[in-house]
Amino acid sequence: MAKPTPEAPVLPLDTIMSGDCVAAMNSLPENSVDLIFADPPYNLQLRGDLHRPDNSRVDAVDDHWDQFESLKAYDAFTRGWLKAARRVLKPDGAIWVIGSYHNIYRVGATLQDQGFWILNDVVWRKTNPMPNFRGKRLTNAHETMIWASKSEGSKYTFNYEAMKALNEGVQMRSDWTFPICTGHERLKNARGEKAHPTQKPESLLHRLLIGSTNPGDVVLDPFFGTGTTGAVATMLGRHFIGIEREEEYRQIAAERIARVRSLPPAALEVSTSRRTEPRVPFGQLVERGMLRPGEELQSGNGRHRAKIRADGTLAGENIKGSIHQVGAAYEGAPSCNGWTYWHFKREGKSVSIDILRQQIRDEMIKPD
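Residues numbered from 1 in each chain as written. Predicted model: local features only at pLDDT ≥ 70, side-chain atom pairs only at ≥ 80, totals over all residues. Heavy atoms only, no water.

Draft legend 1. Representation of the overall build of the chain in the model. Assigned secondary structure in the chain consists of twelve helices and 14 strands. Element-wise, carbon and sulfur atoms account for 50% of the exposed surface of the chain, whose accessible area totals about 20,300 Å². (Helix = DSSP H or I, 4+ residues; strand = E, 2+ residues; numbered from the N terminus. Areas by Shrake-Rupley, 256 points an atom, 1.4 Å probe, with all protein chains shown as cover.)

Below is the structure:
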C-alpha cells in the first residue's frame, strides 16, 4: 500500500509567527511570498551610555537582540536569514532590507553573494534625526534601503506610474524624505516607554508597498517588531506574515493591527503605465467607423496633413505608412508617437486620435 503524500505546509496569512526567523521561514512553503521587507538588527556596537548635553540619558538601541560578539558572528547571522528568505521568495519576488552604516554594506555584499540582483539603494533622509550628542561625528541623518530581486532575470513588481503619481507627476528618486516616528505614531508599552527603539514610520512602508506590490500580494517581515509592515499591508489590501521572537512586541503588534481596516478595493487602484493597457491597432478605429477612409488627419501643430486609407495606413505628401511612420517622416525624426501626433476635426474642434483608442480600451477593460 502506497504511503500517503505528506501535506504541503500552509501559508499562515495575516499571522504573527513566534520564534527564530530562520526556523520560521524554513517552515513556510518554498517560493511562496511576493515581497520581503527586512529590518534586521543593525549591530550598532554601542559602548556605554549616551547622554544629552543636559546629562539626561538617551534611550538608545542597546537591546540584547542588537548585540553580537563580533562582525564575524553578525555576518553568519546575515547569511543564515538571507538564505532562508531566498528560499521562501517567489522567483519573481523582491526584497527590501533597511540598515545603517553599521551593517548595510555587509548585508549588501551578502545579498549579492547569494544571487540576489540589486535594483536600487534608497536613502531615507530623516527630517528630524537624533543629534550626535558627543560631537565627534556628523549627525547620522539617514538610513539606507537596498531593493533587490531574487535574480537578475526576475520580473519583479514595480508600479512606476503610481510612484510617479506619489511624487506629483515626477519620476520617483532614490532619496526619500520622511520624519522618524514621533508623537501619536510612536507606540508606547504598558510602562509608558517607547515600545520599540527602531519603529519605522508608516509613510515609509506605504511608499514601498505601493511601489513594489499589488493588492492580494503576500509580504513577509522576518523582524516584525511592533508590526508597521503588517499594519500598512492590511490597510493597503496586502497579506502579511510577521515573524517576531519577542513576546512583548508580538502583543503590541497584534493589538495595533487589529485596529486597522482595509481600504475599499476602489481606493486601492493605482496609476498604471500605458504599456500595460490593451493594444489597439489604428486600423481598428477605421474598421469600427470611428474614422473613415479618405478622412483627413492633421498634426497637433497644424503644419502637416495626411489622409486615412482603408487598411489603416496614412497617405501624406510623398509618404505612405503607419501613423507613426508618416509622423516621423514629416518631423524628420527617428520615431514618432502617432497616437498623440495626429488629430481629427469634430464640430470644428481638433481632437487627438488617442481619445478614440482610449474609448476602445475602456470597452475592453469594462465591457457593458
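Having put the structure on the table, let's press on.
Draft legend 2. Region of the structure containing helix H10 (residues 323-331). Within the span of H10, buried status applies to Ile323, Val326, Gly327, Ala328 and Tyr330. Contact partners of the buried residues in H10: helix H9 (282-287), strand S10 (305-308), strand S11 (314-316), strand S12 (319-321), helix H11 (338-341) and strand S13 (342-346). Just downstream of H10, glycine 332 is the residue with a positive phi angle, here 65°. (Buried < 20%, exposed > 50% of the residue type's maximum accessible area, 1.4 Å probe, protein only. Contact = heavy atoms within 4.5 Å.)

Draft legend 3. Representation of the pairing of strand S8 (residues 239-244) in the model. In terms of residue burial, S8 counts as a mostly covered element, since five of its six residues are buried. Bridge count for strand S1 (residues 15-18) against S8 is four bridges, and the pairing is parallel. Bridge pairing in S8 links serine 18 to glutamate 244. Where strand S7 (residues 218-221) meets S8, four bridges bridge the pair, whose relative direction is parallel. Looking at S8, one finds that valine 219 is bridged to phenylalanine 240. Of the crossover connections in this fold, the one passing from S7 over helix H6 (residues 228-235) to the parallel S8 is right-handed. (Pairing = 2+ DSSP bridges. Right-handed = clockwise from strand over helix to strand, strands pointing away.)

Draft legend 4. Focus on the confidence of the model for the chain. Taken as a whole, the chain shows an average pLDDT of 88; of its residues, 89% reach a score of 70 or greater. Low pLDDT, under 50, characterises residues 46-61; the predicted model gives this stretch 27 contacts beyond four residues in sequence or across chains. (pLDDT = per-residue confidence, 0-100.)

Draft legend 5. Spatial organisation of the sheet that holds S13. Strand order in the open sheet formed by six strands is S12-S11-S10-S9-S13-S14, with antiparallel pairing between adjacent strands. Only two strands of the sheet have a single neighbouring strand rather than two, namely S12 and strand S14 (349-352). Sheet twist, expressed as the mean angle between neighbouring strand axes with direction ignored, is 35°. As paired elements, S13 and S14 share four bridges and run antiparallel to each other. Within S14, the residue paired with histidine 343 across the bridge is serine 352. On top of the sheet, H10 reaches S10, S11, S12 and S13; it is set at about 150° to S12, its chief contact. (Axes fitted to C-alpha atoms, helices over the stretch in contact; angles between N-to-C directions.)

Draft legend 6. Main features of the packing of helix H2 (residues 71-88) against helix H3 (residues 104-113). Remark: H2 packs on H3, axes separated minimally by 10 Å, with the N-to-C direction vectors making an angle of 45°. Considering their axes alone, H2 and H3 lie oblique with respect to each other. The handedness of the crossing between H2 and H3 comes out as right-handed. Here Leu71, Tyr74, Asp75, Thr78, Arg79 and Leu82 of H2 come into contact with H3, specifically with Arg106, Val107, Thr110 and Leu111. When grouped by side-chain class, the residues that make up the contact of H2 with H3 number five nonpolar, two polar and three charged. (Parallel < 35°, antiparallel > 145°, perpendicular 65-115°, else oblique. Left-handed = near helix turned anticlockwise from the far one by under 90°. Nonpolar A, V, L, I, M, F, W, Y, C, P; charged D, E, K, R; others polar.)

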